[in-house]
Amino acid sequence: MKLRPEEITSILRERIQQYDVETDLAEVGTVLQVGDGIARIYGLENAVAMEMLELEHGVVGLAFNLEEDHIGAALFGEWERVQEGEPVRRTGKVASVPVGEGLLGRVVDPLGNPLDGRGPVEFTETRPLEFKAPGVVERQPVKEPLATGIKAIDSMTNVGRGQRELIIGDRSTGKTAILIDTILNQRDTDVYCIYVAIGQKASTVAGIYERLREAGAMEYTTIVSAAAHEAAPIKWMAPFAGCAMGEYFLFQGKHALVMYDDLSKHADAYRQLSLLLRRPPGREAFPGDVFYLHSRLLERACKLSDERGGGSLTALPVIETQAGDVSAYIPTNVISITDGQIFLQSDLFYSGVRPAVNVGISVSRVGSSAQTKAMKKVAGRLRLDLAQYRELEAFAQFGSDLDRATQQALTRGEKMVATLNQPQYQPWPMEEQVVAIFAGVNGHLDDIPTPQVSRFQDELREHLRAEGSIYEQIRETGDLPDELAEKLNAEIAKFKRSFNVEEESALV
């Protein structure tokens, strides 16, 4: 058999081309220094910002500072066990969290690990922590109401789907109570809720979970908890994780509501993280990008255009003020980012006004475009009347003789404040709110003693529920035409006659 050199050459060339060595190249660095949830790592020249890093003991790192000769990384997990000199590996992945309907009903940490003792969380998808907000062309105006069930808010500082409405006030003025009531009011709607607790006591979060579970609200709610005892990186991560979970529903064409309770503690955690990473401090020792931190988070809340599915992500951030100072650094930052604010005032809270909404400072920049026609009609003058009442109330304290018009404005304002008072965990449906405010603004309460207004409104609700047709028509049409208003006036007058009789018999 004769060997032909050209045949051997072609076979060898073919074999060389097909030859493939399976190589596993992993870039490995070394921990130079570790402490306070921060590590300095040497040797990862190709790492990118916000890349996940693998350390020993199951600890995960996040590349924050990319410096000339080392990386500053925030650590998640049992970082106390990490020692200097241990290896660190790149993963090639950006930070992401589990998302999907499997998280509904669960309490998780910002990494998606369960905290409720009910086994692992089921998920098939993850989303990046940081995600570019949809552009102007991909959005549509906010015009669909998201009812909170709270009369004072739905009538004057209403929230629309896709809006960012700030809840701001001192400690213990009922900020979290508004969030819980809003979650309870989403029952029987198509809105999924994500409640993000940042820097709160674990016992407080457990109490909120129990309250929501008893009301059956956990079926459509996820709680993301970064408790007070956790390290700063976990607290920094929490709102971004909650936002990513809400974005899953947004891009599926569904509706989600995400609540950040609260962003003051979030800013504090970011300040701690930045100072530990040796980033230069600015005003009040916050880093220079603390505004960007909150703006890029809140800008992700929007109402998508119909071409993109028409989904919405509504944000209710919370800010805690010190002694009612809304002009401090972080409060002014977040006020300028959001589409309005609900300011809860301590003085009002302690004088028995619940929720303690200050009508003068509170505003919704979406205005009445995200209200039903019925609510627009009855609540049009309400804000002006209440603001006028607060002014006259301060003036009337001097005890001078007041003219008839002023006395009438004071009486009407007093009755409206009593009407808007609402116990916690009792959200009202839209149609019942409309009728309660209608009764007040049309003078039906003017001759009812103020302590009796609450009882009058409750009994009027029962009377109209039994009657049925008025509530049903308002609920189905979302409007209050003149003929229905006349019918409602007659029904309230009829009820009022029986109410007065009951009151007289009670006094005897």
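Details of the structure are given in the entry above.
From a predicted model like this one, the values you see are computed outputs, not experimental measurements.

Colleague: I keep staring at the pairing of strand β2 (residues 38–42) and nothing clicks. Help me out?
Modeller: Within a regular beta strand, the side chains point alternately toward one face of the sheet and then the other, so they alternate between its two faces. Counting buried residues along β2, four of its five residues qualify, which places the element largely inside the surrounding structure. Looking at chain direction, strand β1 (residues 28–35) and β2 are connected through five bridges and run antiparallel. Residue V31 lies in a different strand from β2, and its bridge partner there is I41. Hairpin connection, β1 to β2: the antiparallel pair is bridged by two residues, and D36 has positive phi, about 55°. The pairing of β2 with strand β5 (residues 71–76) spans four bridges and is classified as antiparallel. Bridge pairing in β5 links R40 to G72.

Colleague: When you look at the sheet that holds strand β13 (residues 255–261) in this model, what are you seeing that I'm missing?
Modeller: Through backbone hydrogen bonds, the strands of a sheet pair up, either in parallel or in antiparallel fashion. Spatial strand order, β8-β12-β11-β13-β14-β10-β15-β16: eight strands in an open sheet with mixed pairing. With partners counted over all chains shown, the strands left at the sheet margins are β8 (107–108) and β16 (363–364), one partner each. Where strand β11 (residues 191–198) lies against strand β12 (residues 221–226), six bridges are found, and the strand directions are parallel. Looking at the pairing, A197 lines up with S225 of β12. The sheet contacts of helix α5 (residues 232–250) involve β8, β11, β12, β13 and β14 (312–320), and relative to β11 the element is tilted by about 175°.

Colleague: Before we go on, may I ask you to explain the nonpolar core in this structure?
Modeller: Looking at soluble globular proteins, one finds that nonpolar side chains tend to be buried together. One finds L212, I223, W236, Y260 and L480 to be the most contacted residues of the largest nonpolar core, which totals 131 residues. Considering every element that reaches this core, the biggest residue donor is α5, with twelve residues.

Colleague: Sorry, what's going on with the packing of aromatic side chains here?
Modeller: Any pair of aromatic rings gets described here by the distance separating the centres and the angle formed by the planes. Tallied over the full model, the rule gives ten aromatic pairs. Each ring, one from F349 and one from Y350, has its centre 5.7 Å from the other, and the planes form 80°; the classification is edge-to-face. Residues F495 and F499 carry aromatic rings whose centres are separated by 5.9 Å and whose planes lie at 40° to one another, so their mutual orientation is tilted. Here F495 pairs with F499, and both are found in helix α16 (residues 482–507), just four residues apart, close to one helical turn. The same class applies to F495 as to F499, namely buried. Among the aromatic residues, those joined into a cluster by ring pairs are F64, W236 and F240. A cation sits over an aromatic face here: R296 above Y292, 4.8 Å from the ring centre.

Colleague: So what exactly am I meant to see when it comes to the packing of α5 against helix α6 (residues 263–276) here?
Modeller: The relative placement of two packed helices is expressed as an angle between their axes plus a distance between the axes. Between α5 and α6, whose axes approach to 8 Å, the crossing angle comes to 135°. As summarised for this structure, α5 and α6 are arranged oblique, according to the angle between their axes. Viewed along their axes, α5 and α6 form a crossing whose handedness is left-handed. Listed contacts from α6 to A232, P233, K235, W236, P239 and F240 of α5 are H266, A269, Y270, Q272 and L273. In terms of residue class, the contact of α5 with α6 is made up of eight nonpolar, two polar and one charged.

Colleague: What exactly am I supposed to notice about helix α4 (residues 202–214) here?
Modeller: The α-helix advances 3.6 residues per turn, and as a result positions three or four apart in sequence lie on the same side. A rise of 1.5 Å per residue sets the reference length of α4, with its 13 residues, at 18 Å; its end C-alpha atoms lie 18 Å apart and thus fit the reference within 8%. Regarding α4, the residues found buried are V205, I208, Y209 and L212. Down the axis of α4, the sector holding all buried residues measures 100°, keeping them to one side. Looking at α4, the residues exposed on the side facing more than 90 degrees away from the buried face are S203 and E214.

Colleague: Honestly, the pairing of strand β4 (residues 60–66) in this entry has me stumped. Any pointers?
Modeller: Burial of β4 is extensive: five of the seven residues sit out of reach of the surface. Pairing of strand β3 (residues 51–54) with β4, which is carried by three bridges, proceeds in the antiparallel orientation. Bridged to M52 within β4 is L62. The antiparallel hairpin formed by β3 and β4 contains five residues in its connecting segment, where H57 sits at a positive phi of about 65°. As paired elements, β4 and β5 share six bridges and run antiparallel to each other. Counterpart to N65 in the pairing with β5 is G72. Hairpin connection between β4 and β5: a loop of four residues separates the two successive antiparallel strands.

Colleague: Mind showing me how you'd approach the pattern of salt bridges here?
Modeller: Two side chains bearing opposite charge may form a pair once their charged atoms approach each other closely. A full pass over the atoms with the stated rule returns 32 salt bridges. Two residues, R271 and D268, come together in a salt bridge whose shortest N-O distance is 3.3 Å. Note that R271 and D268 are positioned in helix α6 at a spacing of three residues, about one turn of the helix. Judged by relative accessible area, D268 falls into the partly exposed class, the value being 35%. Each of R139, R164, E299 and D339 takes part in salt bridges that share partners, so that together they form one network.

Colleague: What's the story with the environment of Q371 in this structure? I'm lost.
Modeller: By the secondary structure assignment, Q371 is in the loop between β16 and α10 (373–379). For the pair Q371 and K201, spaced 170 residues apart in sequence, the C-alpha to C-alpha distance is 36 Å. Excluding anything up to four places from it in sequence, Q371 contacts D154, S155, M156, N158 and K376. At 3.0 Å, the side chain of Q371 and the backbone oxygen of D154 are in polar contact. Within the structure, Q371 has its side chain in polar contact with the backbone oxygen of S155 (distance 2.9 Å).

Reading the values: rules and limits
- Residues numbered from 1 in each chain as written.
- Predicted model: local features only at pLDDT ≥ 70, side-chain atom pairs only at ≥ 80, totals over all residues.
- Heavy atoms only, no water.
- Buried < 20%, exposed > 50% of the residue type's maximum accessible area, 1.4 Å probe, protein only.
- Helix = DSSP H or I, 4+ residues; strand = E, 2+ residues; numbered from the N terminus.
- Pairing = 2+ DSSP bridges.
- Contact = heavy atoms within 4.5 Å.
- Axes fitted to C-alpha atoms, helices over the stretch in contact; angles between N-to-C directions.
- Core = buried A, V, L, I, M, F, W, Y, C linked by side-chain atoms within 4.5 Å.
- Phe/Tyr/Trp six-rings, centres within 6.5 Å; stacked < 30°, edge-to-face > 60°.
- Lys NZ or Arg CZ within 6 Å of the ring centre and 35° of its normal.
- Parallel < 35°, antiparallel > 145°, perpendicular 65-115°, else oblique.
- Left-handed = near helix turned anticlockwise from the far one by under 90°.
- Nonpolar A, V, L, I, M, F, W, Y, C, P; charged D, E, K, R; others polar.
- Expected span 1.5 Å × (residues − 1).
- Arc of directions from axis to C-beta.
- Salt bridge = Lys/Arg side-chain N within 4 Å of Asp/Glu carboxyl O.
- Polar contact = N/O pair within 3.5 Å; in protein donor to acceptor, adjacent residues only side chain to side chain.

Purely spatial values, then, with no claim about function.
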